[in-house]
Amino acid sequence: MPEWENQSTWQRLKEDSKIREDFLAKSQMFICHVASQACFRFLEWGRDEELSEALIAFNEAIDLFIVEKGVPFLAYARILMKRRLIDYYRKQRLQQASSLDQDEFGREVEIHLSLNEFKEKEQSSERAAEIQQFNKALAAVKLTFQDLVAASPKHRDSRETLLRAARELASDRELWTHTERTGKVPMQALALKTQIHPKVLERGRKYILAVALLIANQHDYVYLREYVLSRERREEDE
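Here's a quick rundown of the structure. Since we're looking at a predicted model, the values are computed, not measured.

### What to know about the overall build of the protein
Part 1 of the argument: Along the backbone of the protein there are 14 helices and zero strands.
Part 2 of the argument: When the helices and strands of the protein are read in sequence order from the N terminus, they spell out α-α-α-α-α-α-α-α-α-α-α-α-α-α.
Part 3 of the argument: Burial statistics for the protein: of 238 residues in total, 46% are counted as buried.
Part 4 of the argument: Taking as baseline every contact in the protein between residues at least 6 positions apart, the subset at least 24 positions apart corresponds to 63%.
Part 5 of the argument: Of the accessible surface of the protein, which amounts to about 13,500 Å², a share of 49% is contributed by carbon and sulfur atoms.

As structure tokens, then:
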């Protein structure tokens, strides 16, 4: 479910059980990713009870989500899933409860909360964590945020072209594996795949690489990905 979908789309999701079931199925990878991070170990569907708890919280997030509040749904769902896991570990009296509690959300938390209770400080904390993590990912490929500012295309057509290239790079297993291993974009192969002139790709290399990092690791960068992709959608609608 794209972050920018309108109220009517979300209403159908809340009311139509088939649409909801499809959405929950498509979101399993995201749910597993968030829950595994929160539990500090890999979780597997059908084996780990934590995933059932996270799925319940994700489903509750659908009912509680309000589009007009301007909070990305996946960011909101991520908070609810982590909070429910804290509650789960409390009940199980596991040592992980205190580490999760102290590091992220404080001792007194509840699982059933409305969007109005989604505190600004929690959003800020999530955004800051994403930026810090993305900054490290950029540094690993010898990029900085300053590089991105300088490399960001000023014209919409140019930006759309480079975004398309970034999507192709991130979605192609062979190309992305090469990029992760070397820290460099395989320009000739990407030009052949996208039919975009190599000179255009080379000029936009830094932008392509940075956006591909967001797309390839989309479950980690909920806020940053939403900013990049929703900006593109807004301009298409103008």
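### Describing the packing of aromatic side chains
Part 1 of the argument: Taken as a whole and assessed by the stated rule, the structure comprises 11 aromatic pairs.
Part 2 of the argument: Taken together, Trp-10, Phe-23, Phe-30, Phe-58, Phe-65, Phe-73 and Tyr-76 form an aromatic cluster joined through their ring pairs.

### Some words on helix H2 (residues 17-26)
Part 1 of the argument: All of the buried residues in H2 are Arg-20, Phe-23 and Leu-24. An end-on view of H2 places all buried positions within 100 degrees of arc, on one side of the element. Projecting away from the buried face of H2 at angles above 90 degrees are the exposed residues Glu-21 and Lys-26.

### What about the pattern of salt bridges?
Part 1 of the argument: In the structure shown here, the tally under the stated rule is 14 salt bridges.
Part 2 of the argument: A salt bridge links Arg-156 to Glu-160, with the shortest nitrogen-to-oxygen separation between them at 4.0 Å. With Arg-156 and Glu-160 both in helix H9 (residues 156-171), this residue pair falls four residues apart, about one helical turn.
Part 3 of the argument: What makes Arg-156 partly exposed here is its relative accessible area of 37%.

### What to know about the packing of helix H3 (residues 28-39) against helix H5 (residues 73-92)
The angle between the axes and the distance between the axes are what describe a pair of packed helices.
Part 1 of the argument: Taken N-terminus to C-terminus, the directions of H3 and H5 make an angle of 45 degrees; their axes are 10 Å apart at the nearest point. Taken together, the axes of H3 and H5 lie oblique to each other. In this structure, H3 crosses over H5, and the sense of that crossing is right-handed. Between H3, through Phe-30, Ile-31, Val-34, Ala-35, Ala-38 and Cys-39, and H5, the contact on the second element is made entirely by Leu-74, Arg-78, Met-81, Lys-82, Leu-85 and Tyr-89.
Part 2 of the argument: Class assignment for the residues of the contact of H3 with H5 results in 10 nonpolar, no polar and two charged.

### A short note on the side chain of Asp-220
Part 1 of the argument: Tracing the sequence through the fold places Asp-220 in the loop between helix H13 (205-216) and helix H14 (222-237).
Part 2 of the argument: The buried charged residue Asp-220 lacks any salt bridge, with Arg-78 as its nearest oppositely charged partner at 6.1 Å.
Part 3 of the argument: In this structure the side chain of Asp-220 is engaged in a polar contact, spanning 3.1 Å, whose partner is the side chain of Gln-37.

Criteria and thresholds
Residues numbered from 1 in each chain as written. Predicted model: local features only at pLDDT ≥ 70, side-chain atom pairs only at ≥ 80, totals over all residues. Heavy atoms only, no water. Helix = DSSP H or I, 4+ residues; strand = E, 2+ residues; numbered from the N terminus. Buried < 20%, exposed > 50% of the residue type's maximum accessible area, 1.4 Å probe, protein only. Contact = heavy atoms within 4.5 Å. Areas by Shrake-Rupley, 256 points an atom, 1.4 Å probe, with all protein chains shown as cover. Phe/Tyr/Trp six-rings, centres within 6.5 Å; stacked < 30°, edge-to-face > 60°. Arc of directions from axis to C-beta. Salt bridge = Lys/Arg side-chain N within 4 Å of Asp/Glu carboxyl O. Axes fitted to C-alpha atoms, helices over the stretch in contact; angles between N-to-C directions. Parallel < 35°, antiparallel > 145°, perpendicular 65-115°, else oblique. Left-handed = near helix turned anticlockwise from the far one by under 90°. Nonpolar A, V, L, I, M, F, W, Y, C, P; charged D, E, K, R; others polar. Lys, Arg positive; Asp, Glu negative; His and termini not counted. Polar contact = N/O pair within 3.5 Å; in protein donor to acceptor, adjacent residues only side chain to side chain.

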